[in-house]
Amino acid sequence: MSEKDIIDALIAHDEYVTEQFFFKNCRPLFMSIIRNVFTYNVDYDEFVNEFYLHLMENNAYRLRQFQGRSTIYQWLKVIAIRYFIAKRDGLIENESNDTLLESIAQTKEGDCEKAMIGKMDIENLLSLMPNKRYVYVIKRLLLEDAEPKVVAEELNTSVDNLYNIKKRAFATLTAIALREVERYEKEIGKK
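Keep in mind that what you see is a predicted model, and the values were worked out from it rather than measured.

**So, the overall build of the protein**
Counting its regular elements, the protein contains ten helices and zero strands. Per-residue burial over the protein gives 35% buried out of 191 residues. Only carbon and sulfur atoms are counted for the fraction: they give 52% of the accessible area of the protein, which is about 12,300 Å².

This is the structure in structure tokens:
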């Protein structure tokens, strides 16, 4: 498949070519960019999703700009580095010292102890998540009930991508919760 064929297939939203190209062919290139551009952990899927949306904006305007004067990989490298260097400083970092326990309103008197334990459990699970952007999205959208458009603007991303981030955040949180339940059951079994 020629580079022009690849570009045409990406513009046409060909699922097979898109997945093969971004998740297999470009993986070494993108992993190198992630290592060199970011000083913190970045999820590969999130990186690809952000970059794909950037390339496809305005009816794939950026993809249509590829003229073949270099290889497609060299061209993508330049585009990705420029985009993510500009974007990395706009990503949300957790500067707040507020904890989840302080941000959730108190419940009725009789439920106070149960609520406190639940809040501590949630705070513990969120602290185990390695991707702090995922934690931010869960806190803002679910616990603080912020509008998706507002959170997307805070993260300097689109609402569509925010929903993708939210989906991955829930998958990560679920995996962590299941792992913690399994660990707890093993500890109980030893006693």
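Next comes the rest of the write-up.
**Re the environment of Leu173**
Mapped onto the secondary structure, Leu173 falls in helix α10 (residues 159-190). Sequence separation between Leu173 and Leu125 is 48 residues, and the spatial gap between their C-alpha atoms is 7.1 Å. The residues contacting Leu173, other than those within four sequence positions of it, are Leu125, Leu126, Met129 and Ile138.

**Points about the packing of helix α2 (residues 15-25) against helix α3 (residues 27-37)**
Across the interface, α2 lies against α3 with an axial gap of 5 Å and an inter-helix angle of 50 degrees. Judged by the angle between their axes, α2 and α3 are oblique. Facing α2, whose interface residues are Phe22, Phe23, Lys24 and Asn25, α3 presents Arg27, Pro28 and Phe30. Residues of the contact of α2 with α3, tallied by class, amount to four nonpolar, one polar and two charged.

**A word on the side chain of Arg140**
As for its placement among the helices and strands, Arg140 is situated in helix α8 (residues 132-143). Taking relative accessible area as the criterion, Arg140 reaches 15% and is therefore assigned buried. Separated by 2.8 Å, the side chains of Arg140 and Glu154 make a polar contact. Here Arg140 is in contact with Asp145, Ala146, Val150, Val151 and Glu154, once residues within four sequence places are set aside.

**Some thoughts on the nonpolar core**
Side chains that are nonpolar tend, in soluble globular proteins, to be buried together. Within the largest apolar cluster, 30 residues are counted, with the highest numbers of intra-cluster contacts made by Phe22, Phe30, Phe51, Leu63 and Leu76. Elements with a contribution of two residues or more to this core: α1 (3-11), α2, α3, α4 (44-64) and α5 (72-88). Among the elements that take part in this core, α4 stands out by supplying nine residues, more than any other. Once residues lying within four places of it in the same chain are set aside, the contact partners of Phe51 are Phe22, Phe30, Leu76, Ile79, Ala80, Tyr83 and Phe84. Counting residues in each nonpolar core, the second largest holds 17 residues, with Leu141, Ala146, Ala152 and Leu173 among its members.

**As for the confidence of the model for the protein**
Across the protein, the average pLDDT comes to 80, with 81% of residues at 70 or higher. Helix α6 (residues 100-103) is the least confidently modelled element of the protein, averaging 40 in pLDDT, while α2 averages 92, the highest of any element. Confidence drops under pLDDT 50 across residues 92-110; counting only partners more than four residues distant or on other chains, this segment forms 23 contacts.

**Focus on α4**
In a regular helix each residue adds 1.5 Å, so 21 residues correspond to 30 Å; α4 covers only 24 Å between its end C-alpha atoms and thus falls short of that length. If you look at α4, its biggest bend is around 115 degrees, right at Asn58. Measuring from the side-chain oxygen of the N-cap residue of α4 to the backbone nitrogen of Asp45 gives 3.2 Å; that N-cap residue is Asp43.

**Quick word on the packing of aromatic side chains**
Enumeration according to the criterion identifies 14 aromatic pairs in this entry. Ring centres 6.2 Å apart and planes at 20 degrees place the aromatic pair Phe22 and Phe30 in the stacked group. The same class applies to Phe22 as to Phe30, namely buried. Each ring, one from Phe51 and one from Phe84, has its centre 6.1 Å from the other, and the planes form 45 degrees; the classification is tilted. Of this pair, Phe51 sits in helix α4 while Phe84 is found in helix α5, placing the two residues 33 residues apart along the sequence. Take Phe51: its relative accessible area is 0%, and that puts it in the buried class. With a relative accessible area of 4%, Phe84 lands in the buried category. The structure contains a cluster of three or more aromatic residues connected by ring pairs, namely Phe21, Phe22, Phe23, Phe30, Phe38, Tyr44, Phe47, Phe51, Tyr52, Tyr73, Tyr83 and Phe84.

Cut-off values and rules
Residues numbered from 1 in each chain as written. Predicted model: local features only at pLDDT ≥ 70, side-chain atom pairs only at ≥ 80, totals over all residues. Heavy atoms only, no water. Helix = DSSP H or I, 4+ residues; strand = E, 2+ residues; numbered from the N terminus. Buried < 20%, exposed > 50% of the residue type's maximum accessible area, 1.4 Å probe, protein only. Areas by Shrake-Rupley, 256 points an atom, 1.4 Å probe, with all protein chains shown as cover. Contact = heavy atoms within 4.5 Å. Axes fitted to C-alpha atoms, helices over the stretch in contact; angles between N-to-C directions. Parallel < 35°, antiparallel > 145°, perpendicular 65-115°, else oblique. Nonpolar A, V, L, I, M, F, W, Y, C, P; charged D, E, K, R; others polar. Polar contact = N/O pair within 3.5 Å; in protein donor to acceptor, adjacent residues only side chain to side chain. Core = buried A, V, L, I, M, F, W, Y, C linked by side-chain atoms within 4.5 Å. pLDDT = per-residue confidence, 0-100. Expected span 1.5 Å × (residues − 1). Bend = angle between axes of the 7 residues up to and from the residue. Phe/Tyr/Trp six-rings, centres within 6.5 Å; stacked < 30°, edge-to-face > 60°.

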